[in-house]
Every structure is written in C-alpha cells, then in structure tokens.
Amino acid sequence: MRNPTTVLVTGGTGSFGQEFVGTLLARYPHLTRLVVFSRDEQKQYEMSQLFSPTQYPCLRYVIGDVRDKDRLLDALQGIEMVVHAAAMKHVHIAEYNPFECVKTNILGAQNLIEACIERGVQRVVALSTDKAANATGLYGATKLCADKLFISASLAEVSPKPIFSVVRYGNVVGARGSVIPFFIEKRKEGVLPITHPDMTRFSITPQQGIDLVLFALERALGGEIFVPKLPSYRILDVAQAIAPDCEHRIVGIRQGEKIHEEMIMPTDALSTLELEKHYVIVPPEPYYSTTSNMTRYAEHHGGKPVATDFAYTSGENTDWLSIEGLRQVMQEVLKFSLASS
Ligand SMILES: NC(=O)c1ccc[n+]([C@@H]2O[C@H](COP(=O)([O-])OP(=O)(O)OC[C@H]3O[C@@H](n4cnc5c(N)ncnc54)[C@H](OP(=O)(O)O)[C@@H]3O)[C@@H](O)[C@H]2O)c1
C-alpha cells in the first residue's frame, strides 16, 4: 500500500487489529493518524502499553461501537482508509445470541458503510471468513450478509464513492480460540479432543492476513472478494506435530462446523479470477450495465477466469503442510517448538 496517511481500524484491539496496527506503525512512518476503534477500555488500555500514543503520536484510541453510527461519524473525520475487523466471531456464541451477532456483524457493517460514504473515506476493506462461503451457521450467515452489503455499496451512485472490498480467509494460526493454541494447552492432559479425523483447514499466518488486507487496500477496483492461495493441513497432522505421544478422543463436530473449509464455491466459479497469489471473486454487474465486469476486472488485476466447475476447499487443495511444515509455522508464529515446550 502506498503511503497511507490517515487510517481507522474497527476492532483494532483484536488479534488481527493489534498485529495490523503494529505493521502499519512499522512500515508507514508518515502516518498522521491511526485510529483504533473498539468498545472495551481495558483492551485499549492494555494495547496502549504496547503501542503508546507518546511513542507513536499518530495513534488515537477511540471507544465506540459499530452499532452506533454517530460515533463512527465522529471517529471517521479526516480518515482516508478504513479496515473493518470488528465482529462477533465465535460460532457457538453467535448461535446462542443470534440478534446480538446480527446487530454487530450486519447492522454494524451497514453503519460503517453509510458513515464512510458520508465522511468521504477513499478505501475500505472488510474482513470476512471462509464461514461466509456456503454458510451453515449464524456467524457465517451474518458475515455473508455483511460481504453483500460491502459489495453492493460499490454500486452506490454517490460521489465521491469509497472503494469497498472484502478479504476472505480461514482460521488464523494461533488466533484466540483456534485449534493450535487449544491443542498446546490440552497436551498437558495427555489426551487431545479431535472433532473429526478427516478434518482439514487452510493455514494462514497473521502476517499473511495483514498482507492480504494491504493488497486489497491498494489494488481493489471496488466490490471484489479477495481470497488468498494457501496450503491446507490435516487436523491429525496438527495433533502429531504438537503432541505425538497424546491419545486422541473423537468428540464429533459441532453443529454448523464443516469437515473441510470452503473458500470459493462452484456457484462463484463463473465470476472468479485467478491471480498469481490470490483468487478474486468479481462483483456482479449492476442490472442496468451492458458490459461484463469479468473483462474489466481481469484487465485491472491481470488475472484469468477459473474453470467453470472450480471450487476452492481445504480438502481438495493441491498444496499441503507436512507435519514438519506445521511445526515450522508454529515455531514462526507462536514461538512454539517441541524442544522448547
Ligand atoms: N481469527 C480468525 O481466525 C479469523 C478468520 C477469518 C476471519 N476473521 C475475521 O477477522 C476479523 C478480526 O478477527 P479477530 O480474530 O481479530 O477477532 P477478535 O480478536 O475477537 O477481535 C475483535 C475486535 O472487534 C472489537 N469489537 C467487537 N464488537 C465490536 C463492536 N460492536 N464495535 C466495535 N468493536 C467491536 C473487539 O473489541 P471490543 O470487544 O473491545 O469491542 C476486538 O477489538 C473479524 O471480522 C473476523 O470475523 C477472523
């Protein structure tokens, strides 16, 4: 991304947000304002011990809720770029509190879209999830709705119009509540709970997620969903990499959980382009348009259309992490190694 000067990150105190803010501060010394927008003062206080406004004078910690559009309008004054990471993301909590999830993930997204348009923000990237593709649970369904809102906002006939885009990826290595920290914790008990022996996931590191967001901020034309090309891993290989001596107890998958992660469905194939490191799902043409978006977006991104029966799932990937490869990723991201544990 070329020299951003003013950026706001919703959910800036979260797993993604903190790493993203750290990356921006390190890479872009000419930032004049970097706003961390979230609700909980304690998380902001703790983050400000790591990244203090005294050390980084561009930093602003702003308490606010994406459900509150007026607060978003305040915080967005003078902001050029927005990264939307605020969300309720725990699958079972969303199922138990469905309308709370709707209010944050869907109504919050719409508030942000409207506030960005009103404040003349130039570029907005929203974080989505693999669970929005072929959604089986409420969390994925709310993220799918949010994706659709951001994509549709790209068609809004307003001027100037922000360039909205979406990035979609799966479980981040080491994210709170994810399988790797869970297994590392459980190995002390000598037994690892395995949901399903065939389960596979895509592997993305926090830095790869950040790089994808920066790529989308720089390159989006408007309305795209960017999907990174990633290796897959088998859950049994994760167990082997972390705790080769532990027993396995099959506990069954939770309602709404999938055996394989799905990132691009065959129904998206006709509107998907393949780039060197990413796939791009191109937005639908507005009903009044006479030209194909695929041609325009292929020219802009330099990509080519995928096969008409294409799907991108962790189970049918061609790129796999070995047990040793998984150990290396854990060492790099979590500083976890069998030797040091
Ligand atoms: N972690 C993953 O593996 C993963 C994978 C794919 C996609 N994603 C997506 O990536 C994004 C970031 O995930 P993450 O792992 O960083 O989540 P996280 O660690 O749970 O952080 C969520 C952030 O959002 C804030 N937040 C929650 N509700 C809010 C609201 N109503 N208004 C303002 N801020 C709010 C939280 O702070 P407060 O609670 O203080 O408000 C926190 O800063 C989410 O959109 C998620 O769906 C995550």
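Each remark here, short or long, concerns the structure printed above.
About the thresholds
Residues numbered from 1 in each chain as written. Predicted model: local features only at pLDDT ≥ 70, side-chain atom pairs only at ≥ 80, totals over all residues. Heavy atoms only, no water. Near = heavy atom within 4 Å. Polar contact = N/O pair within 3.5 Å; in protein donor to acceptor, adjacent residues only side chain to side chain. Areas by Shrake-Rupley, 256 points an atom, 1.4 Å probe, with all protein chains shown as cover. Helix = DSSP H or I, 4+ residues; strand = E, 2+ residues; numbered from the N terminus. Nonpolar A, V, L, I, M, F, W, Y, C, P; charged D, E, K, R; others polar. Buried < 20%, exposed > 50% of the residue type's maximum accessible area, 1.4 Å probe, protein only. Axes fitted to C-alpha atoms, helices over the stretch in contact; angles between N-to-C directions. Parallel < 35°, antiparallel > 145°, perpendicular 65-115°, else oblique. Left-handed = near helix turned anticlockwise from the far one by under 90°. Contact = heavy atoms within 4.5 Å. Pairing = 2+ DSSP bridges. Core = buried A, V, L, I, M, F, W, Y, C linked by side-chain atoms within 4.5 Å.

**Q** Before we move on, could you go through the site of the ligand and cite the residues and values that matter?
**A** In the region of the ligand, 28 residues are neighbours, and Thr13, Lys43, Tyr139, Lys143 and Arg176 sit closest. Between the ligand and Lys89, the relevant distance is 2.8 Å, taken from an oxygen atom to a side-chain nitrogen or oxygen of the residue. Lys143 places a polar side-chain atom, nitrogen or oxygen, 2.7 Å from an oxygen atom of the ligand. Alone, the ligand offers 880 Å² of accessible surface; in the complex the protein occludes 93% of this. Those elements giving two or more residues to the shell around the ligand turn out to be α1 (15-27) and α6 (138-153). Considered class by class, the residues forming the shell around the ligand number 10 nonpolar, 11 polar and seven charged.

**Q** Mind laying out the environment of Ser152, listing which residues take part and the relevant values?
**A** Note that Ser152 resides in helix α6. Residue classification places Ser152 among the partly exposed positions, given a relative accessible area of 45%. Sequence-wise, Ser152 and Pro286 are 134 residues apart; in three dimensions their C-alpha atoms are separated by 9.0 Å.

**Q** Describe the packing of helix α7 (residues 179-186) against helix α9 (residues 235-242), and please don't skip the residues or the numbers.
**A** When two helices pack together, you describe them by how their axes are tilted relative to each other and by the distance separating the axes. In contact at an axis separation of 10 Å, α7 and α9 are set at 45° when each is read in the N-to-C sense. Judged by the inter-axis angle, α7 sits oblique to α9. Handedness of the crossing formed by α7 with α9: right-handed. Contact with α7, carried on its side by Val179, Ile180, Phe183 and Ile184, involves Ile235, Val238, Ala239 and Ile242 of α9 and no other residues of that element. Tallied by class, residues from the contact of α7 with α9 come to eight nonpolar, no polar and no charged.

**Q** Account for the pairing of strand β9 (residues 225-228), with residues named and values stated.
**A** The alternating pattern of β9 places Ile225 and Val227 on one face and Phe226 and Pro228 on the opposite face, and all of these are buried. Relative to β9, strand β6 (residues 163-167) runs parallel, the two sharing two bridges. Paired with Val166 across the bridge in β9 is Ile225. Two strands pair when backbone bridges link them, and β9 and strand β14 (residues 278-281) are joined in this way by four bridges, in the antiparallel orientation. Following the sheet pairing, Ile225 is matched in β14 by Ile281.

**Q** Summarise the nonpolar core; cite the residues concerned and give the values.
**A** Phe20, Leu34, Leu76, Val82, Phe150, Val167 and Tyr312 are the most contacted members of the largest nonpolar core, which totals 76 residues. Ranked by residues supplied to this core, first place goes to helix α8 (residues 206-219) with six residues. Sequence-distant contacts of Leu76, defined by excluding residues within four places in its chain, comprise Leu8, Val82, Leu112, Ala115, Cys116, Arg119 and Val121. Ranked by size, the runner-up nonpolar core spans 19 residues in total, among them Ile180, Phe183, Val238 and Leu321.

**Q** Requested: an account of the sheet that holds strand β1 (residues 6-10), with residues and values cited.
**A** Ordered by their spatial adjacency, 10 strands build an open sheet running β3-β2-β1-β4-β5-β6-β9-β14-β13-β15, and the pairing between neighbours is mixed. The sheet is open, and its two edges are formed by β3 (59-63) and β15 (304-305), each paired on a single side. Contacts between helix α2 (residues 41-50) and the sheet are confined to β2 (33-38) and β3, with β3 contributing the most and set at about 165° to the helix. In the packing of α8 onto the sheet, the strands contacted are β4 (81-84), β5 (123-127), β6, β9 and β14, and the crossing angle to β5 comes to about 145°.

As far as function goes, none of this settles anything; it's purely spatial.
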